[in-house]
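# Coordinate inspection notes
Residue-level listing of the chains:
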Amino acid sequence: MALRDILRFPDSRLRQRSLDVAEVDDDLRQLVSDMAETMVAANGAGLAAIQVGAPLRLFIVDSGVSGGPEEAPPRVFINPEIVEISQESQTGDEGCLSFPGIYVPVKRGMRAKVRAMDLDGNTFELEGEALLARALQHETDHLNGRLLIDQVGPVKREIIKRKLRKDLEAEREEDVDDKSGAASAG
């Protein structure tokens, strides 16, 4: 297993529409394993393959969020499609690993049903409500190039962009300080 870098907005790859997974093979299993380690390390509830630079129709959702035991591996969704979203809605703060530190209120269906394949190539359907429904819709959005920032109006969008630029500049300054400190420490 290996940690992968999570793409952050405004990386243009996040807008890429993901391609269907042709076959479940060892490379795909390795990607899922890496994604699971990356999601856990980042304290995420879900992660789409495109967020780690793999434009495949694949996402994972934390086992506890998907109704399984907390210690179990994340639930895998290969070539998922939403087959139903309830008319009843929920609005709640939503975050995204590609938008670190950003939370915005997003209106989503209270329930969602997804059809997908698992790592054994078996097709299944899963219906979720509340947080699971939100995660299924959010991760499916990623596969279609739709991002958290698309869920807000133009003023909030600019505020988010400014905050992310400021955070990135601060990180770059820290990196420069770390490198110059390491160089002089020898």
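Residues numbered from 1 in each chain as written. Predicted model: local features only at pLDDT ≥ 70, side-chain atom pairs only at ≥ 80, totals over all residues. Heavy atoms only, no water.

Helix and strand counts for the chain stand at three helices and seven strands. In sequence order, the chain lays out its α and β elements as α-β-β-β-β-β-β-β-α-α. For a compact globule of 186 residues, the expected C-alpha radius of gyration is about 16 Å, and the chain comes in at 18 Å, within 12% of that figure. Referenced to the eigenvectors of the C-alpha coordinate spread, the extents of the chain come out at roughly 55 × 40 × 30 Å. By the burial criterion, 40% of the 186 residues in the chain qualify as buried. For the chain, the proportion of contacts with a sequence separation of at least 24, taken over those separated by at least 6, is 62%. In the form shown here, the chain has an accessible surface area of approximately 10100 Å², with 48% of it arising from carbon and sulfur atoms. Each charge class in the chain can be summarised by its mean position, and for the 24 positive and 34 negative side chains these summaries are 8 Å apart. (Helix = DSSP H or I, 4+ residues; strand = E, 2+ residues; numbered from the N terminus. Rg over C-alpha atoms; globule rule 2.2 N^0.38 Å. Buried < 20%, exposed > 50% of the residue type's maximum accessible area, 1.4 Å probe, protein only. Contact = heavy atoms within 4.5 Å. Areas by Shrake-Rupley, 256 points an atom, 1.4 Å probe, with all protein chains shown as cover. Lys, Arg positive; Asp, Glu negative; His and termini not counted. Charge placed at Lys NZ, Arg CZ, Asp CG, Glu CD.)

With that out of the way, let us pick up empty space enclosed by the protein. This structure, assessed with the given rule, holds one cavity of 30 Å³ or more. Computed from the structure, the largest cavity encloses a volume of approximately 30 Å³. Forming the boundary of the largest cavity are Arg108, His138, Asp141, His142, Arg146, Leu147, Leu148 and Gln151. Broken down by element, the lining of the largest cavity gets its largest block of residues, three residues, from helix H2 (residues 131-143). When its residues are assigned to classes, the lining of the largest cavity shows two nonpolar, three polar and three charged. (1 Å grid on protein atoms, 1.4 Å probe; cavity = no way out; pocket = protein on both sides within 12 Å on 5 of 7 lines; lining within 4 Å. Points joined across faces, edges and corners; volume = space filled by probe spheres on them. Nonpolar A, V, L, I, M, F, W, Y, C, P; charged D, E, K, R; others polar.)

Sizing a probe to match a water molecule and rolling it over the atoms shows the empty space that remains. As a volume, the largest pocket reaches approximately 410 Å³. As for the largest pocket, its lining consists of 22 residues, of which Gly44, Ala45, Glu94, Gly95 and Cys96 are closest to the centre. Taken together, the elements giving at least two residues each to the lining of the largest pocket come down to strand S4 (89-95) and H2. The element that contributes the greatest number of residues to the lining of the largest pocket is H2, accounting for six residues. Split into classes, the residues belonging to the lining of the largest pocket amount to 10 nonpolar, eight polar and four charged. In this structure, the second largest pocket encloses a volume near 200 Å³. Lining the second largest pocket, in full, are Arg8, Phe9, Pro10, Ser98, Pro100, Lys161, Leu164, Arg165, Leu168, Glu169 and Arg172. Along the lines of polarity and charge, the residues of the lining of the second largest pocket split into five nonpolar, one polar and five charged.

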